[in-house]
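Structural overview
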Amino acid sequence: MAATQRIVIENCSVATVDADDTEYASGYVVIAGDRIEAVGAGRAPEGLENVVRRIDGTGHLVTPGLVNTHHHFYQWITRGLATDHNLFNWLVALYPVWARIDERMTYAAAQGSLAMMARGGVTTAMDHHYVFPKGSGDLSGSIIRAARETGVRFTLARGSMDRSEKDGGLPPDFAVETLEDALAATEATVDEHHDASFGAMTQVAVAPCSPFSVSTELLREGAELARRKDVRLHTHGSETVEEEKFCHELFGMGPTDYFESTGWLGEDVWMAHCVHMNDSDITAFARTRTGVAHCPSSNARLAAGIARVPDMLAAGVPVGLGVDGTASNESGELHTELRNALLVNRLGPHKEAALNARQALRLGTHGGAQVLGRAAELGSLEPGKLADLVLWRMDTLAHASIADPVTALVFGAAAPVTASFVGGRQIVENGRLLHVDEDAIARSTRAEARRLAEIAGQG
Ligand SMILES: [Zn+2]
């Protein structure tokens, strides 16, 4: 067997995001194969064998790779529409367009979403895909292929909708699957693509869309399916006041109680948004270790409100960050969400004590790994974990005069990525993707967005 190859990064600042928030003003990281072998202060140890590359990290900050915990890739080709709507009006405006997607569009949109995130420091991505029009092809397979080609670690949350307008739901009748079809297709996706091993590049979660687009049976049976298959569960929860009202009217209880009654609280569950949570909702999430994907830009864009992230963290709720779909967050970047999480939460009741820069970085790294159930593998720079890490350039005009590098990363402009590694394999070099062609993706996503607009316009 060939000896393990090593990559040494040194002369850089290091923010490990370990349990003690250990940082080194000048330090090193040694990558051996797909793992982190050593992290520390000063120069890397002498006498390391099989060093195939030495990176001089002068002027850089090294952090764990960013982990995105909520997204809808297909929305990459419906950006900039319904820009002045709240969630329900926005959904009603866009469902008829989304219901016309096909495999080619989904693949191009996934490429665009992944490329944008990866060149901004995301090393683990997820896609909550819940629109499966009849005869649209192998959408799940095409999304997974795009993730593999980009080189990021990936969770496909196989979504579904079976509560349409005729059942009191929000999506039009033609945009949903039947309960039986949704469950069978989800199970087949788990069987075909889910990898439970340490360092897996592809995982699958069971992910009915939301209380107002899926039946109670789909939630219940989806939870049973996930537990039988030992995979995670994901959905949208407590996003808006309208959703709360909907739940009270249809089920006689708020969203969190409804989720608990259908088996949807637990340490294997994470939910997007969780904006409208009272104290007992937060206590229930903390007690059951249910995770939250905080999406501050999307919540602001759709005027949903401010999630109570400081209260969730104080109660012990696992919290990660999410881009959310790019029809409600056109930038599609996660590194800017670190800043937005901090700023938006400071507009809430905790004011300047709401979140600090270190907490924001933790949400985007270790917190994300926690809610995806992968904190033992990734999310911090510690020996034995996967070598998923980013070198942020901090010595240019944008950041060079900011007092410390973590503050610069979170409070400053979006920082350039000099290099990004997933399992020791480099995927970004000087802001450019190494394994896919960004310009070709820009062209194909534009073409597919036009094709979708044309088809939907004829609809
Ligand atoms: Zn969403």
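Residues numbered from 1 in each chain as written. Predicted model: local features only at pLDDT ≥ 70, side-chain atom pairs only at ≥ 80, totals over all residues. Heavy atoms only, no water.

An unreviewed UniProt entry lists the chain under the name 8-oxoguanine deaminase, with Streptomyces poonensis given as the organism.

The tendency in soluble globular proteins is for nonpolar side chains to be buried side by side. Among the nonpolar cores identified, the biggest contains 112 residues, and W90, L91, W98, M312 and W392 are the most heavily contacted of them. Per-element tally for this core: the top contributor is helix α2 (residues 103–118), with nine residues. In this structure L91 touches W98, L170 and F212, once residues within four positions along its chain are discounted. In this structure, C12, V29, V39 and L391 belong to the second largest nonpolar core, which totals 16 residues. (Core = buried A, V, L, I, M, F, W, Y, C linked by side-chain atoms within 4.5 Å. Buried < 20%, exposed > 50% of the residue type's maximum accessible area, 1.4 Å probe, protein only. Helix = DSSP H or I, 4+ residues; strand = E, 2+ residues; numbered from the N terminus. Contact = heavy atoms within 4.5 Å.)

Turning our attention to the coordination of the zinc ion. Around the zinc ion, the donor atoms from the protein are H70 (NE2), H72 (NE2), H236 (NE2) and D324 (OD), and they sit 2.1 to 2.4 Å away. Spacing between the donor residues of the zinc ion along the chain follows H-x1-H-x163-H-x87-D. Residue H72 is located in the loop between β6 (66–67) and α1 (87–98), and its partner H236 is located in strand β10 (residues 233–237); the two are separated by 164 residues in the primary sequence. With a relative accessible area of 2%, H72 lands in the buried category. Relative accessible area serves as the criterion here: at 6%, H236 is assigned to the buried category. (Donors = N, O, S within 2.8 Å, 3.2 Å for Na, K, Ca; no water.)

Working note: a packed helix pair is described by the angle between its axes plus the distance between those axes. Axis separation between α2 and helix α3 (residues 139–150) bottoms out at 8 Å; the angle between their running directions is 30°. By the angle between their axes, α2 is roughly parallel relative to α3. Handedness of the crossing formed by α2 with α3: right-handed. Seen from α2, the contacting residues are E103, T106, Y107, A110, Q111, L114 and A118; seen from α3, they are L139, S142, I143, R145, A146, A147, E149 and T150. Residue composition of the contact of α2 with α3, grouped by class: eight nonpolar, four polar and three charged. (Axes fitted to C-alpha atoms, helices over the stretch in contact; angles between N-to-C directions. Parallel < 35°, antiparallel > 145°, perpendicular 65-115°, else oblique. Left-handed = near helix turned anticlockwise from the far one by under 90°. Nonpolar A, V, L, I, M, F, W, Y, C, P; charged D, E, K, R; others polar.)

Pairing between side chains becomes possible if they bear opposite charge and their charged atoms approach one another. Throughout the structure, instances matching the rule amount to 30 salt bridges. A salt bridge links E330 to R301, with the shortest nitrogen-to-oxygen separation between them at 2.7 Å. Linking E330 in the loop between β13 (319–321) and α11 (335–346) with R301 in helix α9 (residues 296–301), this pair joins segments that are 29 residues apart in sequence. Among the ionic contacts, a cluster of salt bridges with common partners joins D102, R104, E448 and R451. (Salt bridge = Lys/Arg side-chain N within 4 Å of Asp/Glu carboxyl O.)

The next point concerns the UniProt feature "domain: Amidohydrolase-related" (unreviewed entry) in the chain. With numbering aligned to this structure, UniProt lists the feature "domain: Amidohydrolase-related" (unreviewed entry) at residues 61–412. Taken as a whole, residues 61–412 contains 41% helix and 14% strand, while its terminal C-alpha atoms sit 13 Å from one another. (UniProt positions renumbered as here; feature names shortened; annotations may be inferred.)

On to the side chain of D311, then. Inspection of the secondary structure assignment puts D311 in helix α10 (residues 309–315). In terms of polar contacts, D311 uses its side chain to reach the side chain of R308, at 3.0 Å. (Polar contact = N/O pair within 3.5 Å; in protein donor to acceptor, adjacent residues only side chain to side chain.)

Glancing now at the side chain of H72. A polar side-chain atom of H72 sits 3.1 Å from a polar atom in the side chain of H70. Of the polar contacts made by the side chain of H72, one reaches the backbone oxygen of H128; its length is 2.7 Å. Excluding residues that lie within four positions of it along the chain, H72 makes contacts with D127, H128, Y130, H236, D324, G325 and T326.

Let us now look at unusual backbone geometry. Residues other than glycine seldom take positive phi values, yet N11 does so here, at roughly 65°. Following the sequence through the fold, N11 ends up in strand β1 (residues 6–15). Even without a glycine there, the phi angle at A303 is positive, about 55°. For A303, the location among the structural elements is in the loop between α9 and α10.

Time to look at helix α14 (residues 438–458). Helix length check: α14 (21 residues) gives 30 Å between terminal C-alpha atoms against 30 Å at 1.5 Å per residue, within 8%. At its buried positions, α14 is contacted by α1, α2 and β17 (432–433). With a side-chain oxygen lying 3.0 Å from the backbone nitrogen of D439, the N-terminal cap of α14 falls on D437. (Expected span 1.5 Å × (residues − 1).)

On to helix α6 (residues 241–251), then. Turning to α6, its buried residues number three or more, namely E243, F246, C247 and F251. End-on, the buried residues of α6 take up no more than an arc of 95°, which puts them together on one face. Of the exposed residues in α6, those oriented more than 90 degrees away from the buried face are K245 and E249. Positive phi shows up at G252, right after α6, with a value of about 70°. (Arc of directions from axis to C-beta.)

The next subject is the packing of helix α4 (residues 179–193) against helix α5 (residues 216–229). Taken N-terminus to C-terminus, the directions of α4 and α5 make an angle of 20°; their axes are 11 Å apart at the nearest point. Overall, the two elements α4 and α5 adopt an arrangement that is roughly parallel. Where α4 crosses over α5, the two elements pack in a sense that is right-handed. On α5, the residues touching L179, A182, L183, T186, E187, V190 and D191 of α4 are E217, L218, E221, G222, L225, R228 and K229. Taken together, the residues of the contact of α4 with α5 break down into six nonpolar, two polar and six charged.

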